[in-house]
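So the chains spell out like this:
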Amino acid sequence: MKLNKILLGAAAGLLLATSAKADFSCYITGSTAFRAAVYSAIASLYDAGFNVNASANTTAPFTTIANPQAPNRPSSDSVFNGASAMIFSGTMTSAFGSQIVTIYCNWSGSVEGIRDVTAGNSLSFMTNAVSTVAGGATDNGATAVPDFAFSDVYQSSTIYKTPTLQTTICGVVPFVFVKNNGATANLTNITHQQCRTLFANGVVSLGSITGDTTTGTGSDTNKVLSLIGRYNGSGTRAVVFADTGYGALASSVNYKYSATAGPGSTPAFTVVTPDPNVGYSGGGSIKTDLGNNISQALGTDGATYVTGYAVGYLGVKDAFGVTGNSAGALNLTYDGATFSTNAVQNGSYTLWSYEHFYNKSGLSANLTTLKANLVGAVPANLGTGT
C-alpha cells in the first residue's frame, strides 16, 4: 500500500510537470503598408515590460535600430513601426499565462507573403529581442518558415493560388499618391488614365498631368514627372495598378533618386537599371526618395536631364512620413478626391484595399489562439498609420 501511494504521488508530480505549457514562437511576414498597425496590435497583447527589437534590414545580418526605452517598447511607436524586421518577446497572461511568446516579423510585401506561406519558403528573422539605447548591434538572424502573412490582396489575384489559404479580413489599408518634396505647386491631382500612362512609361510630360498646354520655357510641357514605384511582389503595387485599370500584374517602368545621376554629378530622378520593372521592395525607400527637395529628372527621351519631379504611391503611414508631408501638403488628390478616413468610408475615395491575414490549415492550438487575439486587436490600432 505504501509503495502504491509513492508511485501515485510520483505520477501526479510528473503529470503536473508535463502539463505546464511550453513557450512558443510565431513567424509573420507580408504587407509593409500595414505593418504600423500590426506593430501596435502585437504590442498591445503583451504584458508590461516585454522586450522588442527592430531593424531596417529584410535579410541577415540585421543592424538594430536605436531604442531610447530599451529593452522595452519605445515610447513613440514611430521608432520601430516602420522597420522591415521586428521581434517581440514576453508574456500575454490573459491568453497564455506564464508562457513566453516570441513573435518574429519580416515585412517582405503582400504578394511575396502569400508566396512564402503557400510554398513554405524560409525567411530570415531576427533572433535577439533585447534592444539597446544606441542601436547598431549586429543580429545574425536565423531562418524559419512563416506561419502567417498579412496581405493587401486576395490570394486569387496572385499567381500563388495553391494551396488555398485560410484568411480573415482584419482591416482596410488606404493608399495615397505623393509628390516629392519641392515639386511644383501646379501638381495637385492625378487621374486613372494619367496613372496608366505614367506606369507604362515611367516618365511623362508634366503638362499632361497638370493640364498646362503652353509651350514657353517655364511651362509644364517642358518639364517631366517620373514614377517611383514598388516591385512586382508588392501588394501596394498590385492594388494601385488594379484600381487604376492598368492591371494588377502588369509590368511598369520605375525611377529612383540618385545623388549623382544628373549633369555634373548632380542629384536627379533617374530610371532604374538594368530592369526598370524592378521597383522598391518596401514603401520606406519610396518615402525616402520622395523626401528629396530636387527638381531634376531624366526626360522622356531617355538621355537628357530636364526640370522634373517624382511621384510615388504609398500606404498612409509612409505617405505622411515623407519629409515635408506631415500635414499632407504633398498628397495628390485621386480623380479629384482627397484622402480621408471619411472619404474611404463614404466611397468617394477608392484607392484602398482590405487587409487579409493568411495561414495554412492545421495551426497549433497556441497559434490559433494568438491569431484570434491579434485579429481582434487590429481594429483598435488602425489609427497608428494605416
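Residues numbered from 1 in each chain as written. Predicted model: local features only at pLDDT ≥ 70, side-chain atom pairs only at ≥ 80, totals over all residues. Heavy atoms only, no water.

A. Up close: the packing of helix H2 (residues 35–45) against helix H11 (residues 365–377). One way to put it is that H2 packs onto H11 with a least axis distance of 9 Å and a crossing angle of 120 degrees. The pairing of H2 with H11 is recorded here as oblique in orientation. Considering the relative orientation of H2 and H11, their crossing is right-handed. Contacts from Ala-41, Ile-42, Ser-44 and Leu-45 in H2 reach Leu-370, Asn-373, Leu-374 and Ala-377 in H11. In terms of residue class, the contact of H2 with H11 is built from six nonpolar, two polar and no charged. (Axes fitted to C-alpha atoms, helices over the stretch in contact; angles between N-to-C directions. Helix = DSSP H or I, 4+ residues; strand = E, 2+ residues; numbered from the N terminus. Parallel < 35°, antiparallel > 145°, perpendicular 65-115°, else oblique. Left-handed = near helix turned anticlockwise from the far one by under 90°. Contact = heavy atoms within 4.5 Å. Nonpolar A, V, L, I, M, F, W, Y, C, P; charged D, E, K, R; others polar.)

B. Examining the side chain of Asn-67 more closely. Secondary-structure assignment places Asn-67 in the loop between strand E3 (62–63) and strand E4 (85–91). Those residues in contact with Asn-67 that sit more than four places away from it in its chain are Val-52, Asn-72, Pro-74, Phe-80, Ser-131, Thr-132 and Val-133.

C. Region of the structure containing the environment of Lys-21. By the element assignment, Lys-21 lies in the loop between helix H1 (2–19) and strand E1 (24–30). Overall, Lys-21 belongs to the exposed group, its relative accessible area being 61%. (Buried < 20%, exposed > 50% of the residue type's maximum accessible area, 1.4 Å probe, protein only.)

D. A look at helix H5 (residues 192–201). Along H5, the residues classified as buried are Gln-194, Cys-195, Leu-198 and Phe-199. End-on view of H5: buried residues confined to an arc of 135 degrees, all on one side of the axis. Gly-202 occupies a position one or two residues after H5 and carries a positive phi of about 80 degrees. (Arc of directions from axis to C-beta.)

E. Up close: the packing of aromatic side chains. Within this structure, the stated rule accounts for 24 aromatic pairs. An angle of 70 degrees between the planes, with centres 5.6 Å apart, marks the rings of Phe-339 and Tyr-349 as edge-to-face. Of this pair, Phe-339 sits in the loop between strand E18 (333–334) and helix H10 (341–346) while Tyr-349 sits in the loop between H10 and strand E19 (352–359), placing them ten residues apart in sequence. Residue class for Phe-339 comes out buried when judged on its relative accessible area of 18%. (Phe/Tyr/Trp six-rings, centres within 6.5 Å; stacked < 30°, edge-to-face > 60°.)

F. Representation of the nonpolar core. Formed by 91 residues in total, the largest nonpolar core has its most connected members in Ile-28, Phe-88, Ile-103 and Phe-177. In this structure, Phe-62, Leu-123, Ala-129 and Ala-144 belong to the second largest nonpolar core, which totals nine residues. (Core = buried A, V, L, I, M, F, W, Y, C linked by side-chain atoms within 4.5 Å.)

G. Geometry of a nonpolar patch on the surface. On the surface, Tyr-154, Ile-169 and Tyr-354 cluster together to form a nonpolar patch covering roughly 300 Å² of accessible area. Checked against the element boundaries, Tyr-354 lands in strand E19. Residue classification places Tyr-354 among the partly exposed positions, given a relative accessible area of 36%. (Patch = residues over 30% accessible without salt bridge, like charges linked within 9 Å, V, L, I, M, F, W, Y side chains within 5 Å. Areas by Shrake-Rupley, 256 points an atom, 1.4 Å probe, with all protein chains shown as cover. Salt bridge = Lys/Arg side-chain N within 4 Å of Asp/Glu carboxyl O.)

H. View of the environment of Gly-284. Following the sequence through the fold, Gly-284 ends up in helix H8 (residues 283–290). Sequence spacing of Gly-284 and Thr-270 is 14 residues, and the spatial spacing of their C-alpha atoms is 18 Å. If sequence neighbours within four positions are ignored, Gly-284 has contacts with Arg-35 and Asp-318.

I. Looking closely at the pattern of salt bridges. Taken as a whole and assessed by the stated rule, the structure comprises four salt bridges. Across the salt bridge formed by Arg-35 and Asp-318, the nearest N and O atoms sit 3.8 Å from each other. Of this pair, Arg-35 sits in helix H2 while Asp-318 sits in helix H9 (residues 316–319), placing them 283 residues apart in sequence. What makes Arg-35 buried here is its relative accessible area of 4%. On the basis of relative accessibility, which here comes to 6%, the residue Asp-318 falls in the buried class. The partner of Arg-115 in a salt bridge is Glu-112, with the nearest N and O atoms 3.4 Å apart. One end of the pair is Arg-115 and the other is Glu-112, both in helix H4 (residues 110–119) and three residues apart, which spans about a single turn. Under the relative-accessibility criterion, Arg-115 is labelled partly exposed at 25%.

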